[in-house]
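Working through the structure, step by step
One-letter residues, chain by chain:
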Amino acid sequence: MQPAAPDRDALGDEIMRRIERIAQCSEPGPGVTRLPFTAQHRRAAALLRRWMEAAGLAAHTDHAGTLVGRRDGDGRGALLLGSHQDSIPQGGRYDGMLGIVLPIVCLEYLKHAPLAFAVEVLAFADEEGVRFPTAMPGPRALAGTFDAAALDLRDRDGVSLRRAMREYGARPDDIAQLARAPDQVLGFVETHIEQGPVLQHRDLPLGVVTAICGIERWSVSLRGRAAHAGTTPVELRRDALACAAEVVAEVERYCRATDELTGNVGALSVTPNAVNVVPARVELSLELRAGDDRARRLAAAEVTGRIRRIAENRGIEAALQQTYAQAAVQCDAALSDALQTAVTAAGCPAHRLVSGATHDASAMAAAFPVAMLFVRCRDGVSHHPAESMTAADAGAAAAALIAFLTRFGGR
Ligand code: HGY
Ligand code: MN
Ligand code: MN
């Protein structure tokens, strides 16, 4: 029995109401702070499980801490939906969570409608890679690309990923059992806010992603010498922070002069960080992104070379280590075309665009066809408490996903 045409206003309002509700699962402070394998994560997962079960999905938490809601089908493989439950510190409420709540609401709407395949909604624990210097254990586990060495990586309190997962109730040492046979997966479709200004600029509610940028992250340690700030002339100093300042300016200068590349120094710590001491040590993060992996690797070689020269000229010891890398991925053409057809069927012009943000789909693409549905967000603001979107756009995205689910005939 095909359901009546979806009331997209009602769906949109329900999606926004639930996202407001689950945004309370956060540490205190501005925006949403919900890191993986924490009490906030546990509270959010309990709420999502309730919503999954109300939508007729059988829910369980897998060995990597992913909450999985499944509706069985005819055995020809499952279509996977979902995104990440975690946020950055003091982030927005839609980044990630939209891609979990929206499919649950759509499947509740389709609870009694026949679907040609099994469907799963996946609430991945950790996409942002903020708590641990790694990311996406969940999608990597399903894709069979998870590196168990990541389990020994530690957060700022010295807690290992393995211990955090165990205390959360996951079974990290059994993650290898999660790898899905590619023929068991019809594809992974992720709904996500655009996190950029393109759709708003074009006055479009929805977009279909063509490719997701690649990314690499480095830790940079600059070691100088502490000295008395009042008695040490500048020419006799080995000031690690002055060196870091030149490094940050050089990263910006290089990226401004290089097309299709973004660079960011997002985290920086100073030791001893005292008002009257010449800084002895600085630890900073360097992140580079590009749609083309070769260009990104060339840029990384150039930028890290410049950092070493800046430090050498200042008598500063520099230690650089790549801590993370993620290849750029192309979205699957057939799955993206099917998504575009559904967007059009939902009455929205579909715009194709590259994603400058990375997503769980980046890791899922290692083993499965992926497609992404982008939803407009106000002024492109994201990774910020002011991140926002409209109920009308949530309704349009729900109508598009429902059209996709009721039309998609599998691969
Ligand atoms: O950093 C990113 O692009 C994503 O939001 N984790
Ligand atoms: Mn994010
Ligand atoms: Mn995200």
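Residues numbered from 1 in each chain as written. Chains lettered and ligands numbered in written order. Predicted model: local features only at pLDDT ≥ 70, side-chain atom pairs only at ≥ 80, totals over all residues. Heavy atoms only, no water.

1. Structural notes on the state of the cysteines
Our working definition: Two cysteine sulfurs form a disulfide in these notes if their separation is within 2.5 Å. Only protein chains enter the accessibility calculation, which uses a 1.4 Å probe; a residue whose area is less than 20% of its type maximum is buried, one above 50% is exposed, and one in between is partly exposed.
Evaluation of the coordinates by the stated rule reveals zero disulfides. Between Cys-106, a free cysteine, and Cys-348, which holds the nearest cysteine sulfur, the sulfur-to-sulfur gap is 13 Å. Residue class for Cys-106 comes out buried when judged on its relative accessible area of 0%.

2. Thoughts on the coordination of the manganese ion (ligand 2)
Inclusion rule: Water is not part of the atom set, so a site may look incomplete; the donors themselves are N, O and S atoms within 2.8 Å of the metal, or 3.2 Å for Na, K and Ca. In this description a helix means any DSSP run of H or I spanning at least four residues, a strand means any run of E spanning at least two, and both kinds are numbered starting from the N terminus.
Distances from the manganese ion (ligand 2) to its protein donors, namely Asp-95 (OD), Glu-128 (OE) and His-383 (NE2), fall within the range 2.1 to 2.2 Å. Counting the intervening residues between successive donors of the manganese ion (ligand 2) yields the motif D-x32-E-x254-H. Between the manganese ion (ligand 2) and the manganese ion (ligand 3) the interatomic distance comes to 3.5 Å, and Asp-95 is a ligand of both metals. Of this pair, Asp-95 sits in the loop between β3 (78-84) and α3 (98-109) while Glu-128 sits in the loop between β4 (118-124) and α4 (137-143), placing them 33 residues apart in sequence. By relative accessible area, which is 6% here, Asp-95 ends up buried.

3. Here's the deal with unusual backbone geometry
Comment: phi is negative for the bulk of residues other than glycine, and the bulk of peptide bonds are trans. Cis geometry marks the peptide bond from Thr-271 to Pro-272, where omega comes out at 5°. The residue Gln-195 is not glycine, and still its phi comes out positive at about 65°. If you trace the backbone, Gln-195 turns up in the loop between β5 (185-193) and α6 (198-201). Judged by its relative accessible area of 18%, Gln-195 is buried. We note that Asn-273 has phi near 60°; this positive angle belongs to a residue other than glycine. Relative to the helices and strands, Asn-273 is located in the loop between β10 (268-271) and β11 (277-278).

4. Here's the deal with the packing of aromatic side chains
Rules: Pairing of aromatic rings covers Phe, Tyr and Trp, the last through its six-membered ring, and needs centres within 6.5 Å; plane angles under 30 degrees mean stacked, over 60 mean edge-to-face, and all others mean tilted.
Enumeration according to the criterion identifies four aromatic pairs in this entry. Aromatic side chains Phe-37 and Tyr-168 sit 5.6 Å apart centroid to centroid with 70° between the ring planes, which places their arrangement in the edge-to-face category. Of the two residues, Phe-37 sits in the loop between α1 (8-22) and α2 (39-54) while Tyr-168 sits in helix α5 (residues 161-168), which places them 131 residues apart along the sequence. Neither Phe-37 nor Tyr-168 differs from the other in exposure class; each is buried.

5. Regarding α5
To keep it simple, the criterion reads: Note that the arc is defined by the directions from the helix axis to the C-beta atoms. We call two residues in contact when some of their heavy atoms are within 4.5 Å.
Every buried residue belonging to α5 is among Leu-161, Arg-162, Ala-164, Met-165 and Tyr-168, and all of these are buried. For α5, the buried positions fall inside an angular range of 165° around the axis, keeping them on one side. Summarising the contacts, the buried residues of α5 are in contact with α2, β1 (58-61) and α4. Remark: Gly-169 follows α5 within two positions and exhibits a positive phi of approximately 110°.

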